[in-house]
Amino acid sequence: MLGSFGMWKRGTLQSRALPLARSIAARTGLGVAIVTTPWDDPSQAGASETIDGVAIYNTRFVQQVHTPLAVVQQLRILRTINPRVVHIMKPKAFAGLTASALRRAMPDRLVVVDHDDWEGDGGWNDVSGYNVAARRLFDFQERRLIASADAVTAASTLLEERAKRLRRGRSNRGVVFLPNGLDNDWLARLGQPGAERNNYESPALVLYSRFAEFSEKWLARMLIALDSVLAQPVVLHLIGRDEPDRPIFRDLQHIQPTWHGFATREAVPELLRRATVAIYPYEDNLINRSKQSVKLLELMASGCAVVASDVGDIKRVGGDTVIAVDGQDPRAFASAVVQILHNREGASHLGARARERAARFTVERMATRLLRLYESCGVRYL
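Here we summarise the structure given alongside this text. Everything numeric here is computed off the predicted structure, so don't read it as measured data. (Residues numbered from 1 in each chain as written. Predicted model: local features only at pLDDT ≥ 70, side-chain atom pairs only at ≥ 80, totals over all residues. Heavy atoms only, no water.)

Regarding its fold elements, the chain presents 15 helices and 13 strands. Over its C-alpha trace the chain gives a radius of gyration of 22 Å, about what one expects of a compact globule, namely 21 Å for 382 residues. Principal axes of the C-alpha set define a box for the chain whose edges measure 65 × 45 × 45 Å. Within the chain, buried positions represent 55% of all 382 residues. By sequence separation, contacts in the chain at least 24 residues apart represent 69% of the contacts at least 6 residues apart. As presented, the chain carries roughly 17000 Å² of accessible surface, and 48% of it is formed by carbon and sulfur atoms. When the 51 basic and 41 acidic side-chain charges of the chain are each reduced to a single mean position, those positions are 7 Å apart. (Helix = DSSP H or I, 4+ residues; strand = E, 2+ residues; numbered from the N terminus. Rg over C-alpha atoms; globule rule 2.2 N^0.38 Å. Buried < 20%, exposed > 50% of the residue type's maximum accessible area, 1.4 Å probe, protein only. Contact = heavy atoms within 4.5 Å. Areas by Shrake-Rupley, 256 points an atom, 1.4 Å probe, with all protein chains shown as cover. Lys, Arg positive; Asp, Glu negative; His and termini not counted. Charge placed at Lys NZ, Arg CZ, Asp CG, Glu CD.)

Listed below in structure tokens is the structure:
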């Protein structure tokens, strides 16, 4: 598996590539490796380690000015490993350049592209602050590599449809829907019986997010609308960022915010169990419509009743266990939240069904789907 970022600061490698790689290594005995250029985490430059049978190699060259050297080193590591399959985990930047060179350098290798975000124009290109040259390169790389790869794994419905359009004229059998999943141990930890949830005298809310999927202005409007219809104090647990310098809770009377900042992974299960209802807002834009969120799965697995914006794959993931509402209307969102807050029995039932549905999205199931794709392309591992 080939990457363009460090292992531990962004989600794709640690939350998607590594769990799949660990599962494949454990069940097949295959050698599985992740090769990447940690430009966002230079402290990892040149480092190598093995995690549960998965070898991780970081290139020594990580800076943009050393891009040709980083690509050459990725190719050298690949030649040493001599893999049958090279799975590009981001069709852009360093990995994208290495992928383009693979056809000449290692022509008999199966090249698979993972499409887990809309990287080009209209997506991350528009919000990440890249210069003009980088934006043009990333948009070209994404389109070209998806179109030319032997196969594509797509994390969401929109990305699956896009891959099929870009590969028009080729068989759609090479495009596989591969949503994110949770490993069984993490599912078990998240789903432990939450006595705390039942013992609070007043209900509690949780907002567990990167806080990039919606605007602060939208959040303020929704909370004001919610506060206006609440009849008793409600604690709101906020996980995923530190308290903002500019207060957005100044005029709230019933909502009591508790900021937990960037909580460690170990702390997340207990924090989620403190809440009766989770709010999960999305702004309706191309990036969010392309998402398939691990955090949504974690909320479902914890047994929270979830109220979410009806954007992208929310319904495909949550089904009827998640209350999906028009996220563009903060009042409608607030109304749905207060209705389920006032129905503790209903919230408990909804949370239990959400926990069951989350169990369908396991890393092990996704690894099985991925192995079937490799096999359909002629890879044999038994």
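Now, onward.
Interhelical geometry of helix α3 (residues 93–105) versus helix α4 (residues 132–148) gives an angle of 45° and a closest axis separation of 10 Å. With respect to α4, the element α3 is oriented oblique. The crossing of α3 and α4 is left-handed. Together, Ala-93, Gly-96, Leu-97, Ala-99, Ser-100 and Arg-103 of α3 and Phe-138, Gln-141, Arg-144, Leu-145 and Ser-148 of α4 make up the contact between the two elements. (Axes fitted to C-alpha atoms, helices over the stretch in contact; angles between N-to-C directions. Parallel < 35°, antiparallel > 145°, perpendicular 65-115°, else oblique. Left-handed = near helix turned anticlockwise from the far one by under 90°.)

Moving on to the packing of helix α2 (residues 67–81) against α3. A pair of packed helices is characterised by two quantities: the angle between their axes and the separation of those axes. Closest axis-to-axis distance for the α2/α3 pair is 9 Å, and the angle between their directions is 55°. Comparing their axes, α3 and α2 come out oblique. In this structure, the crossing between α2 and α3 has a hand that is right-handed. Where α2 approaches α3, its residues Thr-67, Ala-70, Val-71, Gln-74, Leu-75, Leu-78 and Arg-79 are matched on the opposing element by Phe-94, Ala-95, Leu-97, Thr-98, Ala-101, Leu-102 and Ala-105. Considered class by class, the residues forming the contact of α2 with α3 number ten nonpolar, three polar and one charged. (Nonpolar A, V, L, I, M, F, W, Y, C, P; charged D, E, K, R; others polar.)

The strands making up a sheet associate through hydrogen bonds between their backbones, and the pairing can be parallel or antiparallel. Taken together, three strands build an open sheet; the order of strands is β1-β3-β2 and the sheet is mixed. Looking at strand neighbours, the two that pair on one side only are β1 (32–36) and β2 (48–51), the edges of this open sheet. Strand after strand, the sheet turns through a mean of 20° between neighbouring axes, direction not considered. Note: β1 against strand β3 (residues 54–58), five bridges, orientation parallel. Along β3, the bridge assignment pairs Ile-34 with Ile-56. Across the face of the sheet, helix α1 (residues 11–28) comes into contact with β1, β2 and β3 while running at roughly 155° to β1. The sheet contacts of α2 involve β1 and β3, and relative to β1 the element is tilted by about 170°. (Pairing = 2+ DSSP bridges.)

Summarising the element assignment, Thr-321 is placed in the loop between α12 (314–318) and β13 (322–325). The class of Thr-321 is buried, set by a relative accessible area of 4%. The spatial distance from the C-alpha of Thr-321 to the C-alpha of Ala-358 is 9.6 Å, given a sequence separation of 37 residues. In this structure, Thr-321 is in contact with Met-300, Leu-350, Arg-353, Ala-354 and Arg-357, ignoring residues within four places of it in sequence. Within the structure, Thr-321 has its side chain in polar contact with the backbone oxygen of Gly-318 (distance 2.6 Å). (Polar contact = N/O pair within 3.5 Å; in protein donor to acceptor, adjacent residues only side chain to side chain.)

To continue, consider the packing of aromatic side chains. One pass over the full model with this rule turns up seven aromatic pairs. Ring pairs connect the aromatic residues Phe-211, Phe-214, Trp-218, Trp-259 and Phe-333, which therefore count as one cluster. The lysine or arginine in question, Lys-92, covers the ring of Phe-138, its NZ or CZ lying 4.6 Å from the ring centre. Its guanidinium or amino end placed over the ring of Tyr-208, Lys-295 lies 5.3 Å from that ring's centre, counting from NZ or CZ. (Phe/Tyr/Trp six-rings, centres within 6.5 Å; stacked < 30°, edge-to-face > 60°. Lys NZ or Arg CZ within 6 Å of the ring centre and 35° of its normal.)

In the structure shown here, the tally under the stated rule is 18 salt bridges. Its salt-bridge partner being Arg-289, residue Asp-284 comes within 2.9 Å of it at the nearest N-O pair. Judged by relative accessible area, which is 33%, Arg-289 ranks as partly exposed. Where Asp-320 meets Arg-353, a salt bridge forms, and the shortest distance between an N and an O atom there is 3.1 Å. Here Asp-320, found in the loop between α12 and β13, pairs with Arg-353, found in helix α14 (residues 344–358); they are 33 residues apart in sequence, far enough to count as distant. Through salt bridges that share partners, Lys-90, Lys-92, Asp-116, Asp-117 and Glu-119 make up one connected network. (Salt bridge = Lys/Arg side-chain N within 4 Å of Asp/Glu carboxyl O.)

Once that is clear, we can look at a positive patch on the surface. Taken together, the side chains of Arg-360, Arg-365, Arg-369 and Arg-372 present a region of like positive charge at the surface. Tracing the backbone through its elements, the reader meets Arg-372 in helix α15 (residues 363–376). (Patch = residues over 30% accessible without salt bridge, like charges linked within 9 Å, V, L, I, M, F, W, Y side chains within 5 Å.)

This part covers the layout of surface pockets. Taking a probe equal in size to a water molecule and rolling it over the atoms shows the remaining empty space. Considered as a void within the structure, the largest pocket measures approximately 1700 Å³ in volume. If you go around the largest pocket, you meet 48 residues; those closest to its centre are Arg-10, Gly-11, Ser-15, Arg-210 and Lys-295. Breaking the lining of the largest pocket down by element, the ones donating at least two residues are α1 and α11 (294–302). Its residues placed into classes, the lining of the largest pocket shows 20 nonpolar, twelve polar and 16 charged. (1 Å grid on protein atoms, 1.4 Å probe; cavity = no way out; pocket = protein on both sides within 12 Å on 5 of 7 lines; lining within 4 Å. Points joined across faces, edges and corners; volume = space filled by probe spheres on them.)

Within the element layout of this structure, Asn-288 appears in helix α10 (residues 286–289). Within the structure, the side chain of Asn-288 is placed 3.0 Å from the backbone oxygen of Glu-213, a separation counted as a polar contact. Polar side-chain contacts of Asn-288 include one of 2.7 Å to the backbone oxygen of Glu-283. Setting aside its immediate chain neighbours within four residues, Asn-288 contacts Glu-213, Tyr-282, Glu-283, Val-311 and Gly-312.

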